[in-house]
Amino acid sequence: MCKFIGIDVSKASFDVSYEKSDGKFSHYKFSNNAKDFSRFIELIGVGDHCVMEATGPYYLSLACYLFDHNIKVSVVNPLQIKHFVKMRMTRAKTDKKDAAMIALYGQSEKPRLWQPDEPHVMQLQQLHTVIEGLQKQSTMLKNQLEAFLQSPVKDASVINTLKSLLKTLEAKINKLENRMMEIVKIHYGPTFNSLISIPAIGPKTAIVLISITNNFKKFNDIKKLSAYAGIAPRIYQSGTSVNGKAHISKMGNKYIRKLLYICSWSAKTCNEPCKQLYERLKAKNKPERVIKIAIANKLLKQAFAIGSNLSLYNKNYEFKFGI
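Here the structure is a predicted model, which is why all the values come from computation and not from measurement.

A. Inspection of the sheet that holds strand S1 (residues 4-9) at higher detail. The sheet built from five strands is open, its strands ordered S3-S2-S1-S4-S5 with mixed pairing. The open sheet has two edge strands, strand S3 (25-31) and strand S5 (72-76), and neither has a second partner. The mean angle between the axes of side-by-side strands here comes to 20 degrees, regardless of whether they run parallel or antiparallel. In this sheet, strand S4 (residues 49-53) lies alongside S1 in parallel orientation, the contact comprising four bridges.

See the structure below:
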């Protein structure tokens, strides 16, 4: 009989657990390296389904190894496992117990199968992560420089050092951004050209959209992508006494949400459907922030439709793309 195998992955090792026919759990512990990956798959039978959490970068090597060996594998959000464990009112918290709970989650929820992103998309994701980190450093140094410049006493060596570091960071960021553009134009040129044809969507937003969607292969409908970006509306209502205001869920990717929000500033004037949406919501006295979130959602719908079909933007075909 096919079984669900729960895997709790850490930096140095991973714990494996599955339920036997008698209801008891078998438990194994392996090192998180290629040698023990080969030992682990000896336990896996035909049709068995491995389930693990997306624990930072540590799960990726094992997940790719299982995928390459045609073994069914699912990678789930740790929050889903956390809530599943809470629902069962489990008190113990150990690696062994976590692996068993992940196996039970797999049996109960039958999570969808996972597949790795394309290699060039992984490169884009790594470059984007480094750029984001460098930008945070740059912002910190700019704030320090501004603070020191306001002081009546200034140390020239401090000021010069900060200016030099900022100049170096800017050069590094530009170099990495150019590398991202090079990868996109070589491997995802048609998708990139389709996306930047949308008024208000610029090259940076287009590249990030390609990166987070695995070139629009990761999501099969716009609702899932909106939820991932964290701009899907969240309704809070229960009975007659609880009737909270609807607002966006911020559990998704905050960077793409920020980019789309910035794009909405110009979209309300240069993108005709977004302009109409702005005027309609403005007439209803909606707050400016609420309107711009709605425009960001509209832009994401346009990007999903056009990027998935490799079409060029045309405001006369809005209904065809379902936006």
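Back to the write-up after that little detour.
B. Summary view of the pairing of S5. In terms of strand pairing, S4 meets S5 through five bridges, oriented parallel. Paired with Val51 across the strands is Ser74, a residue of S5. Of the crossover connections in this fold, the one passing from S4 over helix H2 (residues 60-68) to the parallel S5 is right-handed.

C. Main features of the packing of helix H5 (residues 119-149) against helix H8 (residues 203-212). The geometry of H5 relative to H8 is characterised by a closest axis approach of 9 Å and an angle of 130 degrees between their N-to-C directions. By the angle class used here, H5 and H8 are oblique. For the pair H5 and H8, the crossing hand works out as left-handed. On the side of H5, the interface is formed by Val121, Leu124, Gln125, His128 and Gln135, while H8 contributes Lys204, Ile207, Val208, Ile210 and Ser211. The residue makeup of the contact of H5 with H8, split by class, is five nonpolar, four polar and one charged.

D. Just the layout of surface pockets, in detail. Estimated volume of the largest pocket: approximately 2,000 Å³. In terms of lining residues, the largest pocket is bounded by 43 residues, among which Ala54, Tyr59, Lys218, Phe219 and Tyr228 are the most central. Of all the secondary-structure elements, those providing two or more residues to the lining of the largest pocket are S5, helix H3 (78-87), H5, H8, helix H9 (222-229) and helix H10 (254-270). Ranked by residues supplied to the lining of the largest pocket, first place goes to H5 with six residues.

E. Main features of H9. Taken as a whole, H9 has its buried residues at Leu225, Ser226 and Ala229. For H9, the arc enclosing every buried residue in end-on projection is 100 degrees, short of the 170-degree limit, so these residues lie on one face. Buried residues belonging to H9 abut H10 and helix H12 (288-309). Between a side-chain oxygen at the N-terminus of H9 and the backbone nitrogen of Lys223 the separation is 3.0 Å; the capping residue is Asp221. Note on H9: the residue one or two positions beyond its end, Gly230, has a positive phi of about 80 degrees.

F. Up close: H3. For H3, the full list of buried residues reads Ile81, Phe84 and Val85. Mapping the buried residues of H3 onto a view down its axis gives an arc of 100 degrees, with all of them on the same face. Among the exposed residues of H3, those oriented more than 90 degrees off its buried face are Lys86 and Met87. Contact partners of the buried residues in H3: S4, S5 and helix H4 (95-109).

G. Spotlight on the confidence of the model for the protein. Mean pLDDT over the protein works out to 89, with 91% of the residues at or above the 70 mark. Note that pLDDT drops below 50 for residues 235-244; the model gives that stretch six contacts with residues more than four away or on any other chain. In this model, residues 319-323 is a region of pLDDT below 50 whose contacts with residues beyond four sequence positions or in other chains number nine contacts.

Parameters at a glance
Along each chain, residues carry numbers from 1 onward, in the same order as the chain's sequence is written. In keeping with the model being predicted, local features are shown solely for residues with a pLDDT of at least 70 and side-chain atom pairs are shown and tallied solely at 80 or more, while totals for entire chains, interfaces and linings include all residues. Water and hydrogen atoms were dropped before computing side-chain values, which therefore reflect all heavy atoms in the structure. The rule for pairing is simple: two strands pair if DSSP sees at least two bridges between them. Every helix listed is a DSSP run of H or I at least four residues long, and every strand listed is a run of E at least two residues long, numbered separately from the N terminus. Under this scheme, a helix contributes an axis fitted over its contacting stretch, all axes are lines through C-alpha atoms, and angles between N-to-C directions fall in the 0 to 180 degree range. When the strands point away from the viewer and the path from the first strand over the helix to the second turns clockwise, the crossover is right-handed. Note on terminology: angles under 35 degrees are roughly parallel, angles over 145 are roughly antiparallel, angles of 65 to 115 are roughly perpendicular, and the others are oblique. Less than a right angle of anticlockwise turn of the near helix away from the far helix marks a crossing as left-handed, whereas a clockwise turn marks it as right-handed. Contacts: residue pairs with any heavy atoms within 4.5 Å of one another. Three categories are distinguished: nonpolar for Ala, Val, Leu, Ile, Met, Phe, Trp, Tyr, Cys and Pro, charged for Asp, Glu, Lys and Arg, and polar for the others, with Gly belonging to the last. Grid points spaced at 1 Å over the protein atoms alone were grouped into cavities, where a 1.4 Å probe fits but cannot get out, and pockets, open sets with protein on both sides within 12 Å along at least five of seven lines, with lining residues defined by an atom within 4 Å of a point. Grid points are joined across faces, edges and corners, and a volume is the space filled by probe spheres set on the points. Relative accessible area decides the class of each residue, using a 1.4 Å probe on protein chains only: under 20% of the type maximum gives buried, over 50% gives exposed, and in between gives partly exposed. Here the arc refers to the directions that run from the helix axis out to each C-beta atom. Contacts described as polar in this section are N or O atom pairs within 3.5 Å, which, within protein, must combine one atom able to donate a hydrogen with one able to accept it, while residues neighboring in sequence count only if both atoms come from side chains. Every residue is assigned a pLDDT by the predictor, reflecting its confidence on a scale from 0 to 100.

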